[in-house]
Amino acid sequence: MHYFHTGLTRRQTLAFATASLALPAWAQNFPTAGKPVRIIVPAPPGGPADILARAIGNYLGPQLDNVPVIVESKPGGASVPAALATAHAPADGHTIMLGLNTTHTQVPHMFSKPPYDPFKDFTPITQVYRNGSVLVAHPSLPVNDLKELVAYSKAQANPVPGGSPGVGTNGHFYIEMLNQAGAKLSHIGYKGSADAMRDLLGGFTKLQFDAPVTSLPHIQAGRLKALAVTGPTRIKQLPNVPTAHEQGFPALDITGWMGFFGPARLPAGTVERLNQALVAVIRRPEIRAQFEPMGLDLTGTTQAEFAAIVRSDYEVWGKIIKQTGIKLDQ
């Protein structure tokens, strides 16, 4: 064998050739031609997670050799059924979950015997977005900010009813954190944000921490009013609504997120292919044009960045859950 015009030694050329042969093996292993990629969503159809998953799914197939992409909703059960379906799926890249921060950083803390390990049973792939929640109120509630809400609720004979997408969700925790800060609110858990929003619009509940993607249209139409946002910064679409921290409630200086996970032991090449494909979709102008006006801060992280976020938020929420005492197995 002769080596001409390469500028490489014989050893370097052999190493390069070996590496080149290894790369196509990843592509051949994933995706499997004609086999669908299933995106599991731990929320009912019509909610923020379902809307986002279907939008991403529309563009994901072409990024993965045109395999079909199916979105499958597995709502309820504090996202445990969706998480277990993902954890028990074959580690071939064809089953992934659009997980909420609830799934991996909160739920395991709320069971004396957690139904899954958020680190050992899953492979993080990429974060899709992060965002604060909006505290929205029915127009009949005679308050315009957090301090007024706390004062008003304390003066009532009965707690002010607040809804959330379910027990152990971000919205539930925020309500309990306000109670610890002096408010007098009751929590009503629903089977998803769409059901909770319906009762808030009807006046059956009076307030709710909601995702901007579903609350902004109602705020803009005057059907709801915004009292505060969680997280470190105001939402661009609601520049006049101060953060909870600005209003003297620093405990709510936290954000939620969604991100993709696969089962444990996904091959490195499969994870890389999925990460590259998903990040390419997240960065598409069509996706940004659809979701950024809704208050979502689209990210599209590396796998390592997302793994670090999950670990950090797991510790943060562990402390909050210990303080609130919320459990799912009592």
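Residues numbered from 1 in each chain as written. Predicted model: local features only at pLDDT ≥ 70, side-chain atom pairs only at ≥ 80, totals over all residues. Heavy atoms only, no water.

**Structural notes on helix α8 (residues 212-220)**
In step 1: For α8, the buried fraction is high: seven of the nine residues fall into the buried class.
In step 2: All of the buried residues in α8 are P212, V213, T214, S215, L216, H218 and I219.
In step 3: Looking at the buried side of α8, the elements it contacts are α2 (48-63), β4 (122-131), β5 (134-137), α7 (193-201), β8 (207-210) and β9 (225-229).
In step 4: Once α8 finishes, G222 follows within two positions and takes phi at roughly 80°, a positive value. (Buried < 20%, exposed > 50% of the residue type's maximum accessible area, 1.4 Å probe, protein only. Helix = DSSP H or I, 4+ residues; strand = E, 2+ residues; numbered from the N terminus. Contact = heavy atoms within 4.5 Å.)

**Brief notes about the environment of N275**
In step 1: Mapped onto the secondary structure, N275 falls in helix α9 (residues 268-282).
In step 2: The exposure class assigned to N275 is buried, which follows from its relative accessible area of 13%.
In step 3: Through-space distance from the C-alpha of N275 to that of A53 is 15 Å; in sequence the pair is 222 residues apart.
In step 4: In contact with N275, other than residues within four places in its own chain, are I125, T126, T301, T302 and Q303.

**Side note on the sheet that holds strand β2 (residues 69-73)**
In step 1: Pairing within the open sheet is mixed, and its six strands lie in the order β2-β1-β3-β10-β4-β11. One side of each edge strand has no neighbouring strand; the edge strands of this open sheet are β2 and β11 (297-298).
In step 2: Two elements, β4 and β11, share two bridges in a ladder whose sense is antiparallel. Residue pairing in the sheet places R130 in a bridge with D297 of β11. (Pairing = 2+ DSSP bridges.)

**Some words on the pattern of salt bridges**
In step 1: On inspection of all chains with the given rule, the structure shows eleven salt bridges.
In step 2: For E72, the salt bridge is made with R38, and the minimal N-O distance between the two is 3.0 Å. Linking E72 in strand β2 with R38 in strand β1 (residues 37-41), this pair joins segments that are 34 residues apart in sequence.
In step 3: A salt bridge links E286 to R284; the shortest N-O distance between them is 3.0 Å.
In step 4: E286 sits in the partly exposed class, given a relative accessible area of 35%.
In step 5: Put simply, R38, E72 and K74 are held in one network by salt bridges that share partners. (Salt bridge = Lys/Arg side-chain N within 4 Å of Asp/Glu carboxyl O.)

**Focus on the pairing of β5**
In step 1: In β5, alternate side chains face the same way, and those of V134 and V136 on one face and L135 and A137 on the other are all buried.
In step 2: Looking at chain direction, β5 and β8 are connected through four bridges and run antiparallel. Across the sheet, the residue bridging to L135 is F209, located in β8.

**With respect to the packing of helix α6 (residues 170-180) against helix α11 (residues 303-324)**
In step 1: The interhelical angle for the contact between α6 and α11, taken along N-to-C directions, is 55°, at an axis separation of 10 Å. In terms of orientation, α6 and α11 fall into the oblique class. The interaxial crossing formed by α6 with α11 has left-handed handedness. Residues N170, F173, Y174, E176, M177 and Q180 of α6 pack against W317, I320, I321, Q323 and T324 of α11.
In step 2: In the contact of α6 with α11, the residues fall into six nonpolar, four polar and one charged. (Axes fitted to C-alpha atoms, helices over the stretch in contact; angles between N-to-C directions. Parallel < 35°, antiparallel > 145°, perpendicular 65-115°, else oblique. Left-handed = near helix turned anticlockwise from the far one by under 90°. Nonpolar A, V, L, I, M, F, W, Y, C, P; charged D, E, K, R; others polar.)

**Some thoughts on helix α3 (residues 80-87)**
In step 1: Along α3, the residues that are buried comprise V80, A82, A83, T86 and A87. Buried residues of α3 fall within an arc of 165° about the axis and therefore sit on the same side.
In step 2: Contact partners of the buried residues in α3: β1, β3 (95-100), α4 (101-106), β4 and β10 (256-263). (Arc of directions from axis to C-beta.)

**Overview of the environment of M97**
In step 1: Its location among the elements puts M97 in strand β3.
In step 2: By relative accessible area, which is 0% here, M97 ends up buried.
In step 3: C-alpha of M97 to C-alpha of D297: the two residues are 200 residues apart in sequence and 19 Å apart in space.
In step 4: When near neighbours in sequence (up to four residues on either side) are disregarded, M97 contacts I40, P42, A82, A83, T86, T103, H104, F122, G259, F260 and F261.

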